[in-house]
Amino acid sequence: MTTRLPSTGAPERVAAAPSTTCRSDEVVVIHRLFRRLFAEAPSLVRGVAPDDTAHARRVAKHLHAVIALLHVHHRTEDEFFWDVMTDRAPACGLHVELMRRQHGAVSDRLDVADALVDRWAYRADARTAVRIATALEEIDRMLVEHLVDEEREAFPVLDAILSDAEWDHIHKHAQRHKPPMPIFVLLGLMIDSVPEADRAAWIANELPAPIRFAYRTVGRRQYERAIGRIRSNDRGALGGAGAAGLEPAMA
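Thresholds applied
Residues numbered from 1 in each chain as written. Predicted model: local features only at pLDDT ≥ 70, side-chain atom pairs only at ≥ 80, totals over all residues. Heavy atoms only, no water. Helix = DSSP H or I, 4+ residues; strand = E, 2+ residues; numbered from the N terminus. Buried < 20%, exposed > 50% of the residue type's maximum accessible area, 1.4 Å probe, protein only. Contact = heavy atoms within 4.5 Å. Core = buried A, V, L, I, M, F, W, Y, C linked by side-chain atoms within 4.5 Å. Phe/Tyr/Trp six-rings, centres within 6.5 Å; stacked < 30°, edge-to-face > 60°. Axes fitted to C-alpha atoms, helices over the stretch in contact; angles between N-to-C directions. Parallel < 35°, antiparallel > 145°, perpendicular 65-115°, else oblique. Left-handed = near helix turned anticlockwise from the far one by under 90°. Nonpolar A, V, L, I, M, F, W, Y, C, P; charged D, E, K, R; others polar.

S.K.: Tell me about the overall build of the chain, residues and numbers included.
M.R.: Along the chain, the regular secondary structure elements total 10 helices and 0 strands. Burial status across the chain gives 47% buried among its 251 residues. The contacts of the chain with a sequence gap of at least 6 include a subset with a gap of at least 24, amounting to 82%.

If you want it as structure tokens, here you go:
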């Protein structure tokens, strides 16, 4: 359990503080995705019957992609967030150290889980499945704690010290990474991670019209097929909100 740090409030000194909007809200959308993916991951493993290697390989491919996605996300934050916080908001040094420490701990657990998934994919043995599910539950617990800390302690400071141009640069850098899963599958997972009450507005505001059209006509079916192939017999896992109520929003 991480010891809670006292809130620093506003930084004592903010170097070259720009006028900016709350661009960290864009990262919160990604955090919602990770919260959902890791909360549901243990049930996907438990939904694979022992010796069902075909199903295990499909779930393993999905888990490898989810783990890779979080690694890339954390590396981007490590590259663009913590040094600039140290330089421009030195009063937040304890929070920066907490973020770095949490990233390192999550990364170590991800590597352990990834190796277990690799071993299990072609064996689908019950013993390894239990170890994977337990490891994923631990990652989920750590990640939930970390994301709360990051959104509360780091994001208000980052919104104060990063300019819109710097946020745009970070966004473009992140886009250069090839997603570890098909783009429409990733988009479908992201759409399903947005609260249903906010989903139509998010789609209308965040997705250009050509992307909305492509997802409605091609992408959603690709997403639903992919999720159907990894879903356990319990249809609650990675539930089908991707198809529900999206026709008006995607128009």
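From this point, the narrative continues.
S.K.: Tell me about the nonpolar core, and please be specific about residues and values.
M.R.: Nonpolar side chains in soluble globular proteins generally cluster together in the buried interior. Core analysis: the biggest nonpolar cluster contains 50 residues, and F38, W120, L136, L189 and W202 have the highest contact counts within it. Among the secondary structure elements, those contributing two or more residues to this core are α1 (24–46), α2 (53–80), α4 (93–120), α5 (126–161), α7 (183–193), α8 (196–206) and α9 (209–230). With 9 residues, the top contributor of residues to this core is α2. Beyond its immediate chain neighbours, meaning those up to four positions away, F38 contacts V66, L70, L110, L136, I139, D140 and L143.

S.K.: Could you give an account of the packing of aromatic side chains, with specific residues and numbers?
M.R.: Per the counting criterion, the structure on display carries 4 aromatic pairs. Centroid distance F81 to W167: 5.8 Å. Interplanar angle 70 degrees. Geometry classified as edge-to-face. Note that F81 is positioned in the loop between α2 and α3 (82–88) and W167 in helix α6 (residues 164–175), a separation of 86 residues in sequence. Exposure class is identical for F81 and W167. Each is buried.

S.K.: Hey, could you go over the packing of α2 against α4 for me, with residue numbers and the actual values?
M.R.: The description of two packed helices rests on the angle between their axes and on the distance between the axes. Packing of α2 against α4 leaves a shortest axis separation of 10 Å and a crossing angle of 160 degrees. By the angle between their directions, the pair α2 and α4 is classed as roughly antiparallel. In terms of crossing hand, the pair formed by α2 and α4 is left-handed. In this structure, α2 uses A56, V59, A60, L63, H64, I67, L70, H71, H74, E77 and D78 to contact α4, whose residues at the interface are H103, V106, S107, L110, D111, A113, D114, V117, D118 and W120. Classifying every residue of the contact of α2 with α4 gives 11 nonpolar, 5 polar and 5 charged.

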